[in-house]
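Breakdown of the fold
The lines below spell out each chain.
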Amino acid sequence: MRQRILLREKFNKGWDIQPETPKERDRRCKNEAKKQFSALHPLKRRKYVKECVAHAKP
């Protein structure tokens, strides 16, 4: 989903794209963390989510 949005922003400048809300950003970061780290690594997951949210802020 995120890749599609980035591609639209890059190639289709005429489209009216809505920026990601903080809630959507948190949800996306948590889902990415779930994919990368198992439930046995909650500290790594939490660290990844914090870095993802901090990096995504404008």
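Summary of the structure given here.

How each quantity is defined
- Going along each chain's sequence as written, the residues are numbered from 1 onward.
- Totals for whole chains, interfaces and linings use all residues, but because this is a predicted model, local features are given only for residues with pLDDT of at least 70 and pairs of side-chain atoms are given and counted only at 80 or more.
- Heavy atoms from the whole structure form the basis of all side-chain values; hydrogens and water molecules are not counted.
- Cysteine sulfur atoms that come within 2.5 Å of each other are treated as a disulfide pair.
- Every helix listed is a DSSP run of H or I at least four residues long, and every strand listed is a run of E at least two residues long, numbered separately from the N terminus.
- Throughout this description, buried means an accessible area under 20% of the type-specific maximum (1.4 Å probe, protein chains only), exposed means over 50%, and partly exposed covers the range between.

**Digging into the state of the cysteines**
- Counted under the stated rule, the structure contains one disulfide.
- Bridging Cys-29 to Cys-52, the disulfide has an S-S length of 2.1 Å. Between Cys-29 and Cys-52, the S-S torsion sits near -70°, and that sign places the bridge as left-handed. Linking Cys-29 in helix H2 (residues 22–36) with Cys-52 in helix H3 (residues 42–56), this pair joins segments that are 23 residues apart in sequence.
- Classification of Cys-29 as buried rests on a relative accessible area of 0%.

**Describing the environment of Lys-35**
- With respect to the helices and strands, the residue Lys-35 is situated in helix H2.
- Since its relative accessible area comes to 75%, Lys-35 is described here as exposed.
- Considered as a pair, Lys-35 and Arg-45 are 10 residues apart in the sequence and their alpha carbons are 9.6 Å apart.

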